[in-house]
Each structure stands twice: as structure tokens, then as C-alpha cells.
Amino acid sequence: DIRMTQSPASLSASLGETVNIECLASEDIYSDLAWYQQKPGKSPQLLIYNANSLQNGVPSRFSGSGSGTQYSLKINSLQSEDVATYFCQQYNNYRTFGGGTKLELK
Amino acid sequence: QVQLQQSGAELAKPGSSVKISCKASGYTFTSYDISWIKQTTGQGLEYIGYINTGSGGTYYNEKFKGKATLTVDKSSSTAFMQLSSLTPEDTAVYYCARRWYYFDYWGQGVMVTVSS
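Residues numbered from 1 in each chain as written. Chains lettered and ligands numbered in written order. Predicted model: local features only at pLDDT ≥ 70, side-chain atom pairs only at ≥ 80, totals over all residues. Heavy atoms only, no water.

Visitor: Which residues make up the state of the cysteines, and what are the values?
Guide: Residue and element names in this part refer to chain A. Across all of its chains, the model carries two disulfides over all chains by this definition. Between the sulfur atoms of cysteine 23 and its disulfide partner cysteine 88 the distance amounts to 2.0 Å. The disulfide joining cysteine 23 to cysteine 88 has a torsion of about 60° about its S-S bond and is therefore right-handed. Here cysteine 23, found in strand 3 (residues 19–25), pairs with cysteine 88, found in strand 9 (residues 84–90); they are 65 residues apart in sequence, far enough to count as distant. Per residue, the accessibility class of cysteine 23 equals that of cysteine 88, and both read buried. (Disulfide = S-S within 2.5 Å. Helix = DSSP H or I, 4+ residues; strand = E, 2+ residues; numbered from the N terminus. Buried < 20%, exposed > 50% of the residue type's maximum accessible area, 1.4 Å probe, protein only.)

Dropping the structure here:
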């Protein structure tokens, strides 16, 4: 199975700050990567697919980038409603998820 | 709007089975596969498998073969997952989600608790 390693595991940032979350795949996943946001007690919501395509309805302050084995999710101008846990997921070879990054406000 | 409505929480005894449902609305049910995902605090998110809602064809993650059985009722736009031979390690939240590669809509999740 392809292993997905997210970093950091937790992150504290201020309102208006730019946040970056990284996801490292154990082998090339050819941009077959999605990012999800999960708020406490809720189901995950798709933010990004194909590494850099923004899902309909997702604010443009979210963006994805990367290729090969290294990918990142960027949140510009952090808002209070962005407090959540973020997961990456590869779909190149079966389906595996990263361990999550918990984002809190400083 | 697209919705996936899952059945309610389950409390089950070790060795028993549960069957949870996922009723779709707001789109053509047979145009999209339904996937199932397990979430625990310890193991995070794990992909169980998916069912082709048109043909009934299934794919299972090797880890969940023999544990999960996926079925579909096209007449009611509902997908089902049966979990058998339950152990405490099956205690988790189980989600259904639309599509089989990335997942664009998710159900609200079903908490399955296995305890004697």
C-alpha cells in the first residue's frame, strides 16, 4: 500500500495568516491526490482533487499543489471557520489517507 | 442537492453482524459508485471498498474482505454495508461517500460500537 505521511500533525496559526500542510507519498502518485476538511463531529468535505483542482463551492483561499510524491495544501488569510482537521488521500493505487493535520487558532 | 443519509448508531455484541444503510438523493443514483470508509481515533481513515451502483459489482480493500459485504437496492437508491463477526476492533464511525477515487459527498456517518 502507498503510505501517506502528513506534516505537521498539529498546527497553531493566527487569523489572516497563511498556512501550509504537507503530504508525502511513499511512491509517485501522479497527482492523484485529494484534500479534505473535517470539523469536529462532522463528516469530511472535499476541498481539492487532482492535486490542484478546487471543488465547487470551496473558497478560493484554499489551493493545492505538488507532483510526484510531494503535495501541499495552502490556506491563505486564515479564517476562524477553517479550524478543522485536514486529510490528504491518494487514489493512484487503491486508496489511502494521511494521518491528518489538526489546525487550531493561536 | 446531493445528500447521503445514513442509518442510525448501532450497538452490537461481539460475534454478531450489523447492516447499515446509505440513502442517496439529489442525483441519479446509478451514475455514481458508492464507497465506504472507516474512521477510528487510532487508525484514522481506512478505505473499505466500493460498489458500482449500476451493476452491483464490488471492490474490497484486502483488509476488509470477509468483514464487509456491500450491496445496493437501485429501487430505493440505497447502498448497504454489512459488517460480520464483529470484534471490538470494528468499533468506529463508518461513512458512505459518493465516487470511488476521491469522494465528493459524504454521509453523516454511523457510529458502530461493539461491546459485550
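After presenting the structure, the write-up continues.
Visitor: Describe the environment of glutamate 104 of chain A, naming the residues involved and giving the relevant values.
Guide: Residues and elements named next belong to chain A. Within the secondary structure, glutamate 104 sits in strand 11 (residues 101–105). A residue is classified by how much of its surface remains accessible, and glutamate 104, at 38% relative accessible area, is partly exposed. Counting along the chain gives 20 residues from glutamate 104 to alanine 84, while the straight-line C-alpha distance between them is 7.1 Å. Leave out the neighbours within four places in its chain, and glutamate 104 touches Leu11, Ser12, Ala13 and Val83. (Contact = heavy atoms within 4.5 Å.)

Visitor: Account for the side chain of aspartate 33 of chain B, naming residues and giving values.
Guide: Inspection of the secondary structure assignment puts aspartate 33 of chain B in the loop between strand 3 (18–25) and strand 4 (34–40). Of the side chains bearing the opposite charge, arginine 95 of chain A lies closest to the buried aspartate 33 of chain B, which forms no salt bridge; the N-O distance is 8.1 Å. If near-sequence neighbours (up to four positions away) are discounted, aspartate 33 of chain B is found in contact with Tyr50, Ile51, Asn52, Thr53, Ala97, Arg98, Arg99 and Trp100 of chain B. (Lys, Arg positive; Asp, Glu negative; His and termini not counted. Salt bridge = Lys/Arg side-chain N within 4 Å of Asp/Glu carboxyl O.)

Visitor: Explain the pattern of salt bridges to me, using residue names and the numbers behind them.
Guide: A complete count under the given rule lists eight salt bridges over all chains for this structure. In this structure, the salt-bridge partner of lysine 63 of chain B is glutamate 46 of chain B, at a minimum N-O distance of 2.5 Å. Of this pair, lysine 63 of chain B sits in the loop between strand 6 (58–60) and strand 7 (68–73) while glutamate 46 of chain B sits in strand 5 (residues 44–51); the two residues are 17 residues apart in sequence, bridging distant segments of the chain. Take lysine 63 of chain B: its relative accessible area is 51%, and that puts it in the exposed class. By relative accessible area, which is 13% here, glutamate 46 of chain B ends up buried. Where aspartate 104 of chain B meets arginine 98 of chain B, a salt bridge forms, and the shortest distance between an N and an O atom there is 2.7 Å. Residue aspartate 104 of chain B is classed as buried on the basis of its relative accessible area, which comes to 9%. A residue is classified by how much of its surface remains accessible, and arginine 98 of chain B, at 5% relative accessible area, is buried. Salt bridges sharing common partners tie together Arg61, Glu81 and Asp82 of chain A.

Visitor: How would you explain the environment of glycine 64 of chain A if you had to name every residue and give the values?
Guide: All names here are of chain A. Here glycine 64 lies in strand 7 (residues 62–67). Exposure remark for glycine 64: the relative accessible area of 14% places this residue in the buried category. Each C-alpha atom of the pair glycine 64 and glutamate 22 lies 9.9 Å from the other, and the pair is 42 residues apart in sequence.

Visitor: An account of the packing of aromatic side chains is requested, with residue identities and associated values reported.
Guide: Scanning the model with the defined rule gives 18 aromatic pairs over all chains in all. Consider the rings of tyrosine 94 of chain A and tyrosine 59 of chain B, whose centres lie 5.8 Å apart with planes at 20°: the pair is stacked. Residue tyrosine 94 of chain A is found in the loop between strand 9 and strand 10 (96–97), and its partner tyrosine 59 of chain B is found in strand 6; the two belong to separate chains. Taking relative accessible area as the criterion, tyrosine 94 of chain A reaches 47% and is therefore assigned partly exposed. Ring geometry for tyrosine 47 of chain B against phenylalanine 103 of chain B: centres 5.6 Å apart, planes inclined by 15°, an arrangement best described as stacked. A residue pair is termed long-range when its members are at least 10 positions apart, and tyrosine 47 of chain B in strand 5 and phenylalanine 103 of chain B in the loop between strand 9 (92–98) and strand 10 (110–114) qualify at 56 residues. Phenylalanine 103 of chain B gets classed as buried once you look at its relative accessible area, which sits at 0%. A cation sits over an aromatic face here: lysine 19 of chain B above phenylalanine 80 of chain B, 5.0 Å from the ring centre. Directly above the aromatic system of tyrosine 27 of chain B lies the positively charged group of arginine 98 of chain B, at a separation of 4.8 Å from the ring centroid. (Phe/Tyr/Trp six-rings, centres within 6.5 Å; stacked < 30°, edge-to-face > 60°. Lys NZ or Arg CZ within 6 Å of the ring centre and 35° of its normal.)

Keep in mind these numbers describe shape, not what the thing actually does.
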